[in-house]
Amino acid sequence: MSRSLLTILATVGLLGLAVAVPIGLVLLGALRWGDDVLFFIFAEVLIGAGLLVVTMRDIIRCGLAMIVCFGALAGIYVVAGAPLVAAAQVLVYIGAISVLILFAIMLTETKDAPTRLVFQTQSIGAAMAAVVLAVIVALAVGVTDWPAVGERIHTATDTLAEVLFNEYVLPFEIVSVLLLAAVIGGVFLAKREEGSGP
Amino acid sequence: MSDSLDAYLVLAGLLFAIGTFGFLARRNAISMLMSIELMLNAVNLAIVAFGSFIPSLSADGSVIAIMVMAVAAAEATVGLSIVIAIFRNRKTPLVDEYDAMRQ
Amino acid sequence: MNAEARAIAPIVAAVFVAAAVLVVDLIRPGRRDATLITALGGLGIVGILVLAAGREEVAAFGGAYTVDALTTFLDILFVAIVALTIAFAPDYLEPRDLPLAEFAAVLIFAITGAMLLAASTDLLLLFLGLELMVLPGYMLAGFHKTDGYSTEGAIKYFLLGSVSSAIFLFGLAFVWGLTGSTRVADVGAALGTAVAGGTLSPGLAMGLAFMTTGVAFKIAAVPFHYWTPDAYQGSPTPVTGYLSVGPKIGAFALILRLFVEALGSLQEFWLPVIVVLAAVTMTLGNLVALTQNNVKRMLAYSSIAHTGYMLVGLAAAASGQLNGLEGLLYYGAAYSFMNLGAFAVVAALQRRTGVTSNLETFAGLGRREPWLGVLMFLFLLSLTGIPPTAGFWAKAYVITAAVQAGGPVAILAVVMVLNAAAAAFYYLRVAVYMYMRDPETEAPPLRHSRLLWGGLAATAVLTMLLWPFPGPFLDLLRQAASAIA
Amino acid sequence: MIESILRGIPILSIVTFLPLVGAIVVAILPRESARPVALATSLATWVASLLLLIGFRAPDASSDFLFRETADWIPLFGIQYKLGVDGLSIALVVLTTTLMWISILASFRPIQERIKEYMVSFLILEVGMVGCFVALDTFLFYIFFEIVLVPMYLIIGIWGGANRIYATLKFVLYTLVGSLLMLVAILATAFAFQAMNGGNWAGAFDFERLRGAGFDPGFQLFAFLAFFLAFAIKVPMFPFHTWLPDAHVEAPTAGSVILAGILLKLGGYGFIRFALPLYPDAAHTFAPAIIVLSLIAIIYGAIVALVQPDLKKLVAYSSVSHMGFVTLGVFLFNEQGMQGAILQMVNHGLITGALFLLVGVIYERTHDRTIAKMGGVATLMPLYAAVFGFFAFASAGLPGLSGFVGEFLVLVGSFLESPLVAATAALVMILGAAYLLWMFQRVAFGEPSEFLRNLGGHLSDMTPVEILTLAPLAALVVAFGILPGLLLHVIEGSVDSTLQSVAAGEPVALGPIVPAAALGVIGVVLAARFVAVIAEERSGRSRLAVEPGDAA
Amino acid sequence: MDVSAQTALVNAATTILAAGEEGGAVGTGGLVGLLIPVILFLPLVGFVITAAVGRRLDREAHLIPVGVVVLSWALAMVVAFGALTGGLGAGHEVKLFEWIPAGDFTVTAGLFVDNLTACLLIVVTTIGMLVHVYSIGYMAHDPGYPRFFAYLNLFMFSMLLLVLADNWLVVFVAWELVGLCSYLLIGFWHQRRSAALAAKKAFIVNRVGDVGFALGIMAIFASTGTLDIRESIAALLAAGEATLIPIWIIVLLIFAGAVGKSAQFPLHVWLPDAMEGPTPVSALIHAATMVNAGVYLVARASPIFAEAPGVLVVVAAIGIFTAILAASIAMTQTDIKRVLAYSTLSQLGYMFAALGVGAFTAAIFHLMTHGFFKGLLFLGSGSVIHAVHDEQDMRRMGGLASKIPHTYRTMLIGSLAIAGIPPLAGFFSKDEILGEAFKLGFPWVWAIGIVVAILTAFYMFRLIGLTFWGPSRVDPEVDDRIHESPPVMTIPLWLLAIPSIGLGLALGLPLGDSTIHHWLAGVFAPAVEALHHAEAEYQLFGIDGALIGASVAVAALGVAAAWWLYGVAIGPLRRQPRPELVRSLSARVPFLYRASLNKWWFDELNDLLFIRIGGRVAAALWWFDREIVDGTVNAIGALTRGSGRRLSRVQTGRVQNYALGIALGLIAMAASYLLLAGGPG
């Protein structure tokens, strides 16, 4: 009883902190209102949800956290000026992939699974490797002078459509073939053999 | 901050690292699959960021991101079907118990 | 037909062949012959189209898709690989009640991806081609879905493969962002100016690292090879044969397009990495292969070692020797046929279900099934690199290039031959079992389909006769190499 | 007349590939015909090779190669199908073809299993060996050099003794290490030549053009070392010889005959034909070290032979000792030494071949080769004992038989260089007599042993076929002993031209490399030893190839 | 024969044989040019035929071998006579064929006859012929009859080649071939382990010397560029000090060969064991011919030996030491053949002593006389052994004089001859050696030689006494069946007795200017000149007479001592043996007695050195080979496989482990690229 209360309190506290920090930063002048705050909050949610995805014990909750994470990312896409991608993100990831994964979770859930160890014995090593990787990427990004960086560009949907079906017609077709192949193979693999198993 | 390419890229790096951690640390096949999705999303974030900040890539960024999403969907399909197939054989989703072949 | 259509025709045709196989199976379910005729006939058409397309160099789709001699060379190789794999498959699949049509269709999808890789001169297309090549691979690995080993191999292959794809894509994104283009030609030009000062921007270095890791994984270079033994061992044997050559050559095609063409100007940066990778890859592959008692697993490690040998060719090429590219392509072709042949023999032995691929299976093979024994011996000799087999010529070609390159690459040549000598041990150990051991239980000889024999004959002839004689093969090889140099 | 006829036909290709045709025929026909077809093929090849001898011109012009056949093979790299023989090659080709039909004949009775495969292996082996001796293209030579491995691998591995798998794998791996490094050297040499010729590959593998090329001394050192390793393993020189006793003991009789009779000669031939003329400077640099190794081999092989309990092993170690004379003679760089070395190669082929046949004769009857179990053979099988004694003395270098002349010429050659070397090598006259006579005494003399008496009637004297296999060898041993000129006239030209091309060489200063290398070698040995000891402690005796399950 | 007749004969011989060659030059061609090869090759033909068809001839197998040897002997006599009468001038050579044409190193096989060769021809062919004949009887019941004669013929060929060859390397060939024959004949009864061992020992010990000889030949070639005996000697002499290899080394090496073949200390150990062979073999090879080869070799090389006086001293020392060593051993041996074997050693020692002091002629003289009387003694001992049914132990003989009279008488003659009792052959030659030694300034050689002479006389009459005189100690079972040998054996004995008695008189007179000196003066002139020995006037009633007296006296002393101890039964001289006295005397010098009985422990020493220590060394090397050399190879293999096994543990089967590996690889890759990014290198 008290544990779930504690959890709720901690969650609320964290959420508060997540909102409070950007506001505080704006007040301090480090952030500007509008996009910056949005970006910050979305980024917070993204990272937080991401961490939850990889750390939570209950895999269904992980899946739900993943949806949150994808949503936050869609928000960032909007901030970045790619609303179409954001839409696609919502459709593809939240609408399709996440659902797929949730179904898979249901299908493969066993009674004893959640009670067992969630993490590998090597999780400390994994954490260190991940940190190092993040540091490397961050450093490399920070040190690099990006060429021809201009203002943030908002891509119009119609130009996008034009590009997609003009310049990118071949990749587009290839992707469809890829999906076709994946569906054929997926159906075959997931199909239950007659007279075998549940 | 939202005008800085670096911020997006660092964010992408962080997400990628989180995905990496999940992949390395989790035991459940579907958790690992989710981690992979996080990593792909990180890549997508980077791609979109480049598209947003580099004029010559403005349209391409979005297109490529969408395509990567499609690829991710395909991968998820295949992956989940394989997970289901092996679950039928092994009755467990814990990948570290799939070690019949080694050395 | 305009040039663009002609250029893309083989890939379109391949997709249609895959679809046709499925449709034919729907109309006449389970009819082996119909499926085979459709698949092999369709592949024949694809092959013809490849040759037709290859008659002139075309840069289609705004330079994203190029048909040059390299494309033609690799496409022919891919078509041959798939055709042979399909020829070897029925004998293995039928006793296990695995559907041939799905197998063939998925396989043809995979090879479509590989063909795309061979022709792409666009980073996005390269990535898509790679995915189209490997995704069916994951499924093929798990094709024997009721078999624990097959699915285990598949999930390992899939999980690691997906991660490596993500890593590769991450790197690709950075390169793309830094060069501002996805076209190989533009990327190359941009990088040429970017590294004019002799240094590399950290972002680019990181991107390069991610990309190298990604492709190193796909070609099963050490230390990104872990998936190989498990996936190879677990997969149905014909699939293993395919996996050991198709995706590997495809990944090398990617390397050629990406590293040699697009990142050619960064040679001085990635050459040392390739040198180290080559040395480590062949040495570890061979050392571990020495200890294997399962032939499929042994051949998996041996395929890692062969990756190392091919990397030597790449290293020589990166040191400015065109021979290196020729050697790499030559090695790829020779390796494809001998390795496919070896796996085909293993598959043939496993016609009876329940037969493992352990070394004991081979005991007394030379007496029980002399022809299979002789063919296996031939493939093993070729893998060892004993003249006059193709494996030898390929090694000699690569070594020549490495020696010409001089410096650390020449030392690689020495490492390579020492490795080849060590490798002889485990290849010959199979021959030891075939000819010098008597089986513990005498199994009656099996009947194999004519298709299998035909396929084996084809691989054997190619293994015996793929010499660097003047002729179409060599011409194509040289043109292919010079197409990207 | 015969010369002009021979010039019209590709006689060398015929000699080389006739056995291949035979092999194919044997493979096609049923197993009953394997023996006669194989024998007929080998005899036909022999006759063809004798034509070479007849067509051989007087030695005055024979620094040049005869019966050349040249065709572009892989023009991309200037690789040619180029054959040609000089006296040295002819001598060894004829030796090969002679021993070959003898071996095949000698296999008629002992080999009953898988006779087809056996004969095919032998005939392919002949292709490889003859090819090695007639190839004038380094690449072609390498190919033939490697081809030899495969049939020998099968011959030892399939028809060999109890521990055959270990032996055959060791043989192949050991040889491969050397020959693959040689391949690198061949390719590097070709490239160096090509670079010197402004990037033109033409002739880059052509021995005659490489011969006078004059490579950079530093490069020569490395290339020579690779060649040296390949040939030293083949010869085999101390300390690369340990594959030999194993291979010999396990190989079937005819396999041992060919192994000792011809395969070892590939090493000596390679030194004379390729290593010396191509890399004269390096040859001069390493000659002192090689001479020392040869001396060690000569003495060491003889001493170790003394205590061998197994007949074949004894003969194997005697081969180490005898082949030491070959390398010694070659690296003296004088006429006597080189001629003696070549003579020694031929004679060793004849004599040791015969000794292995003789061991085979007794093994065929007793299924044992343990010297301690023998005794009194002279009483039971007088003819056998006489022939055995004959070849034992021939092997011990009895003057009047062929073994003496070669040995003595090498000794003379070494005396001219350094009396101390000659004196050391001459000790083998005592040691050789000691191990051979001791062996002979224990086998042939005394009362018939318990073991042999229990065999009773199986111990018949030599059969006509066995006599037929040994008689030609005995005749040649006598002939070359009394008229070594027969051989010397044939090889004179080759010796002169080889010496000429090596004469220009100058030793390269090695500086501190030598002690460093020596320390390195010692270090490797100690380290390997250490590891082996640890490995042994951990898992009983662990050997290269033998796992617990590997024992056949 | 008066002088004019002699001259006429010489002229006739010259005309017939050498087709009118001028005296003093080396001749070629002519009838003799045909005869010499025939002498040589007849026995070879006999060998080949007998080896091929001998078994079918069975008991008639001797016909061809004996026939060819008799023929060979007759021709040899003609040639020898021609040569010794000066009919061949300075010699006659026959070139046969180019044996080894190896560029600069060209060996032409040829034959050469001069007076030295002629002397040896006489000994070799005569004794060879008689031994052949004798063997018909001696080997009559042996199953290996044809084989025996085949070997004997091969030996005759080899020995003749040895003395006839004109090239060092051909000599070496013959040298080895006689060794081979010796091996075959010692081991003739190969079922006997002792025979087989003795044969092997003989060959191997000989090989030790042969190494020296071979190196000597190489040194000669290195120094002169030729191996023709005369040419090379001339070249060496002409070069003087300037030879590539110092002459003293060359001659020392050649002498090493002689030491081996002639069984001189320290390589003498093989000869006594060689008595395991059939007795005719002992007579022919190990007494009369082959063992003399060393003496012949040194004599042949005398001009260059003379250039190295220091080496000659070594020769003399080794010779005389061997003489006394062997004589001391012979004193106590009980095997009749071994006594004779040690006696042979001792007498060979004399010959080397003679060579060493520069008395080359005396050495050859002794060689000839010794050949005959030692051959006689051996054949006689064979007859004795035959008579007592293959018993060789003299302690089981005694009193045989009356039962086998021919044997007894001839052996007595032989013993008197070897003991140096005038006027038998041995007296002349031995006296000449001792006298020359004294006169040429080697009194120590003389002194030891005198002691040896006493011992010789003593042990020979000990032998006669134990064998023929006194009471019979023969096995009673055998005693009744003792019989004299058949004529085919006794006739050769008598034929050998003739030169044993008369050869000294024929060749050794007149004293101081003997025939043998005339014969050999030319051959040894260069050596003698080089040694600068003052040609002392022969003084029968001075120093020479005194020396003769001393020799005779000591010989008589030895004989008397033997009679005193071991008895005598010649006509009126009768005395019973006193074995108890022998025992008490030997008890007085226990060390010497045991040393003599145990042959000064040389066999034990060799056993220790070569069998025990050498065997250990060989075993240790084999261990080294297996464990270190091969061990390294195997360890590298094991190391490779072991590292593979260790590396394969990385493959845990768990995806996450793999992924971590990939992640680490990625980090390493990124790190290395970032490092490289700063610029290449």
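What counts and how
- Throughout, residues of each chain are indexed from 1 in the direction in which the sequence is written.
- Key to labels: chains lettered from A, ligands numbered from 1, both in the order written.
- Predicted model: local features are reported for residues with pLDDT of at least 70 only, side-chain atom pairs are reported and counted for 80 or more only, and whole-chain, interface and lining totals are derived from all residues.
- Only hydrogens and water are removed before side-chain values are computed, so all heavy atoms of the structure are retained for them.
- Each helix is a run of DSSP H or I of at least 4 residues and each strand a run of E of at least 2, with the numbering of both proceeding from the N terminus.
- What the globule rule says is 2.2 Å times the number of residues to the power 0.38, and the radius of gyration is computed from C-alpha atoms.
- Any residue under 20% of the maximum accessible area for its type is buried, any over 50% is exposed, and the rest in between are partly exposed; the area is computed with a 1.4 Å probe on protein chains only.
- Should any heavy atoms of two residues lie within 4.5 Å, those residues are counted as being in contact.
- Computed with a 1.4 Å probe, the accessible areas rest on the Shrake-Rupley method; for each residue, only the protein chains presented here act as cover.
- Only four residue types enter the charge count: Lys and Arg as positive, Asp and Glu as negative, with His and the chain ends excluded.
- One atom stands in for each charge, and that atom is NZ of Lys, CZ of Arg, CG of Asp or CD of Glu.
- Helix span, expected: 1.5 Å multiplied by one less than the number of residues in the helix.
- In this description, buried area is defined as the sum, over both parts, of the accessible area (probe of 1.4 Å) that is lost when the two are combined.
- Salt bridge, as used here: a side-chain nitrogen of Lys or Arg that lies within 4 Å of a carboxyl oxygen of Asp or Glu.
- Under the scheme applied, nonpolar residues are Ala, Val, Leu, Ile, Met, Phe, Trp, Tyr, Cys and Pro; charged residues are Asp, Glu, Lys and Arg; polar residues are all the others, including Gly.
- As a per-residue measure, pLDDT tells how confident the predictor is, with possible values from 0 to 100.
- Classification of ring pairs uses Phe, Tyr and Trp, with its six-membered ring standing for Trp, and accepts pairs whose centres are within 6.5 Å; under 30 degrees between planes counts as stacked, over 60 as edge-to-face, and the remaining range as tilted.
- A ring has a charge above it when a Lys NZ or an Arg CZ is no more than 6 Å from the ring centre and no more than 35 degrees off the ring normal.
- Between any two strands, pairing holds if DSSP finds at least two bridges.
- Any pair of N or O atoms that falls within 3.5 Å is considered a polar contact. Within protein, one atom must be able to donate a hydrogen and the other to accept it, and sequence-neighbouring residues count only if both atoms are side-chain atoms.
- Every axis corresponds to a line fitted to the C-alpha atoms, with the helix fit spanning only the stretch in contact, and the corresponding angles, defined between N-to-C directions, vary from 0 to 180 degrees.
- Oblique is the label for every angle not falling under 35 degrees (roughly parallel), over 145 degrees (roughly antiparallel), or within 65 to 115 degrees (roughly perpendicular).
- Here, patches come from residues exposed beyond 30% relative accessible area and free of salt bridges, joined within 9 Å for like charges and within 5 Å for nonpolar side chains (Val, Leu, Ile, Met, Phe, Trp, Tyr).
- Handedness of a crossing is defined here by the sense of rotation of the near helix relative to the far one, left-handed for an anticlockwise turn of less than a right angle and right-handed for a clockwise turn.

1. Some thoughts on the overall build of chain C
Okay, step 1: Looking only at helices and strands, one finds 19 helices and two strands in chain C.
Okay, step 2: Its C-alpha atoms give chain C a radius of gyration of 21 Å, near enough to 23 Å, the size a compact globule of 485 residues would have.
Okay, step 3: Its C-alpha atoms give chain C principal-axis dimensions of roughly 70 × 55 × 45 Å.
Okay, step 4: Classification of the 485 residues of chain C by burial places 74% in the buried group.
Okay, step 5: Considering only residue pairs separated by 6 or more positions, chain C has 81% of its internal contacts joining residues 24 or more positions apart.
Okay, step 6: Of the roughly 11700 Å² of accessible surface on chain C, 64% is carried by carbon and sulfur atoms.
Okay, step 7: Of the side-chain charges in chain C, 24 are positive and 26 negative, and the distance between the mean point of each set is 7 Å.

2. Focus on helix H6 (residues 148–179) of chain C
All names here are of chain C.
Okay, step 1: The end-to-end C-alpha distance of H6 is 46 Å, a good match for the 46 Å that 32 residues give at a rise of 1.5 Å each.
Okay, step 2: Along H6, 31 of the 32 residues are buried, which leaves the element largely enclosed by surrounding structure.
Okay, step 3: Positive phi shows up at Gly 180, right after H6, with a value of about 75°.

3. Thoughts on the interface of chain A and chain B
Okay, step 1: Listed by partner, the interface residues are 85 residues for chain A and 72 residues for chain B.
Okay, step 2: Surface buried jointly by chain A and chain B totals about 6800 Å² across both partners, of which 75% is contributed by carbon and sulfur atoms.
Okay, step 3: Summed over the three residues of chain A that lose the most area to chain B, namely Phe 39, Val 54 and Thr 108 of chain A, the buried surface amounts to 9% of that side.
Okay, step 4: Applying the counting rule to chain A against chain B returns zero salt bridges.
Okay, step 5: Split into classes, the residues belonging to the side of chain A that touches chain B amount to 62 nonpolar, 13 polar and ten charged.

4. Description of the confidence of the model for chain D
The predicted coordinates of low-pLDDT regions are not to be read in fine detail.
Okay, step 1: Chain-level pLDDT for chain D is 87 on average; 95% of the residues reach the 70-or-more range.
Okay, step 2: Between residues 540–552 of chain D, whose pLDDT stays under 50, and residues either more than four places distant or in other chains, the model counts 35 contacts.

5. So, the packing of aromatic side chains
Okay, step 1: Per the stated rule, a full pass over the model turns up 101 aromatic pairs over all chains.
Okay, step 2: Taking the centre distance of 4.6 Å and the plane angle of 50° together, the rings of Tyr 426 of chain C and Tyr 427 of chain C count as tilted. Judged on exposure class, the residue Tyr 426 of chain C and its partner Tyr 427 of chain C are both buried.
Okay, step 3: One residue, Arg 147 of chain E, lies across the ring of Phe 188 of chain E, its end atom 4.3 Å from the ring centre.

6. Quick word on the pairing of strand E2 (residues 79–85) of chain D
All names here are of chain D.
Okay, step 1: When you tally the buried positions in E2, you get seven out of seven residues, the bulk of the element.
Okay, step 2: Burial of E2 is two-sided: the residues Ile 79, Tyr 81, Leu 83 and Val 85 facing one way and the residues Gln 80, Lys 82 and Gly 84 facing the other way are all buried.
Okay, step 3: With six bridges joining them, strand E1 (residues 66–74) and E2 adopt antiparallel strand pairing. Looking at the pairing, Ala 71 lines up with Tyr 81 of E2.
Okay, step 4: Taking the residues that link successive antiparallel strands as the turn, the E1-E2 hairpin has four residues, and the phi of Gly 78 there is positive, at about 70°.

7. Considerations on the pairing of strand E3 (residues 105–113) of chain E
The side chains of a regular strand alternate between both faces of the sheet.
All names here are of chain E.
Okay, step 1: Of all nine residues in E3, seven are buried, a share of seventy percent or more.
Okay, step 2: The sheet contact formed by strand E2 (residues 91–102) and E3 spans nine bridges and is antiparallel. Bridge pairing in E3 places Glu 93 opposite Phe 112.
Okay, step 3: Between E2 and E3, which pair antiparallel one after the other, the connecting turn spans two residues, and Gly 103 there sits at a positive phi close to 60°.

8. Brief notes about the interface of chain C and chain A
Okay, step 1: At the junction of the two partners, chain C supplies 31 residues and chain A supplies 29 residues.
Okay, step 2: Buried area between chain C and chain A, summed over both chains or domains, comes out near 2600 Å², and the portion from carbon and sulfur atoms is 86%.
Okay, step 3: One can count zero salt bridges joining chain C with chain A.
Okay, step 4: Here chain C and chain A share three residue pairs in polar contact (both at pLDDT 80 or more) between them.

9. Describing the environment of Asn 294 of chain C
Residue and element names in this part refer to chain C.
Okay, step 1: Residue position: Asn 294 is located in the loop between helix H11 (267–289) and helix H12 (295–318).
Okay, step 2: Looking at Asn 294, the relative accessible area reads 11%, which means it is buried.
Okay, step 3: Along the backbone, Asn 294 and Asn 358 are 64 residues apart, and their C-alpha atoms lie at a distance of 4.1 Å.
Okay, step 4: Excluding anything up to four places from it in sequence, Asn 294 contacts Gln 233, Ser 357 and Asn 358.
Okay, step 5: Among the polar contacts made by the side chain of Asn 294, one reaches the main-chain amide nitrogen of Lys 296 at a distance of 2.8 Å.
Okay, step 6: Only 3.4 Å separates the side chain of Asn 294 from the side chain of Asn 358, close enough to count as a polar contact.

10. With respect to the environment of Ala 59 of chain B
Okay, step 1: With respect to the helices and strands, the residue Ala 59 of chain B is situated in helix H3 (residues 58–90).
Okay, step 2: Taking the relative accessible area as the measure of exposure, Ala 59 of chain B reaches 10% and is therefore buried.
Okay, step 3: Excluding its chain neighbours within four sequence positions, the residues that come into contact with Ala 59 of chain B are Thr 155, Leu 160 and Val 163 of chain A.

11. Some details on the packing of helix H16 (residues 360–387) of chain E against helix H22 (residues 515–531) of chain E
Residues and elements named next belong to chain E.
Okay, step 1: Running from N to C, H16 and H22 point in directions that differ by 140°, and their axes come no closer than 8 Å. Comparing the axis directions of H16 and H22 gives the class oblique. Taking contact as the criterion, the partners of Phe 360, Thr 361, Ile 364, Phe 365 and Met 368 in H16 are, on H22, Ile 516, His 517, Leu 520, Phe 524, Ala 527, Val 528 and Leu 531.

12. Regarding the sheet that holds strand E1 (residues 26–28) of chain E
Okay, step 1: Spatial strand order, E1-E2-E3 (chain E): three strands in an open sheet with mixed pairing. One side of each edge strand has no neighbouring strand; the edge strands of this open sheet are E1 and E3 of chain E. For this sheet the average axis-to-axis angle between neighbouring strands, irrespective of direction, equals 45°.
Okay, step 2: Lying on the sheet, helix H18 (residues 402–417) of chain D is in contact with E2 and E3 of chain E; it crosses E2 of chain E at an angle near 85°.

13. Some words on the arrangement of the chains
Okay, step 1: Ranked by contact count, the leading pair among the eight pairs of chains in contact consists of chains A and B.
Okay, step 2: These two, chain A and chain D, are apart from each other, with no contact and a minimum C-alpha gap of 30 Å.
Okay, step 3: Between chain B and chain D there is no contact; the minimum C-alpha to C-alpha separation amounts to 17 Å.

14. Structural notes on the pattern of salt bridges
Okay, step 1: A full pass over the atoms with the stated rule returns 42 salt bridges over all chains.
Okay, step 2: Its salt-bridge partner being Arg 90 of chain B, residue Glu 152 of chain C comes within 2.7 Å of it at the nearest N-O pair. Of this pair, Glu 152 of chain C sits in helix H6 while Arg 90 of chain B is found in helix H3, placing the two residues in two different chains.
Okay, step 3: Judged by relative accessible area, Glu 152 of chain C falls into the buried class, the value being 0%.

15. Here we look at the environment of Leu 161 of chain E
Residues and elements named next belong to chain E.
Okay, step 1: For Leu 161, the location among the structural elements is in helix H5 (residues 145–164).
Okay, step 2: For the pair Leu 161 and Ala 174, spaced 13 residues apart in the sequence, the C-alpha separation amounts to 5.7 Å.
Okay, step 3: Not counting the four nearest positions on each side in its chain, Leu 161 is found in contact with Leu 40, Leu 111, Val 170 and Ala 174.

16. Quick word on a nonpolar patch on the surface
Okay, step 1: Together, Val 478, Ile 482, Leu 483 and Leu 486 of chain D together with Phe 41, Leu 96 and Phe 97 of chain E make up a nonpolar patch on the protein surface, roughly 510 Å² of accessible area in all.
Okay, step 2: Of all the secondary-structure elements, those providing two or more residues to the nonpolar patch are helix H21 (464–482) of chain D together with E2 of chain E.
Okay, step 3: Overall, Leu 96 of chain E belongs to the partly exposed group, its relative accessible area being 30%.

17. Things to note about the packing of helix H4 (residues 115–138) of chain E against helix H21 (residues 487–508) of chain E
Residues and elements named next belong to chain E.
Okay, step 1: For the pair H4 and H21, interaxial distance at closest approach is 7 Å and the crossing angle is 155°. The pairing of H4 with H21 is recorded here as roughly antiparallel in orientation. Two packed elements cross with a definite hand, and for H4 against H21 that hand is left-handed. Every residue of H21 that contacts H4 at Ile 127, Leu 130, Val 133, Tyr 134, Ile 136, Gly 137 and Tyr 138 is listed here: Val 488, Met 489, Pro 492, Leu 493, Leu 495 and Leu 496.

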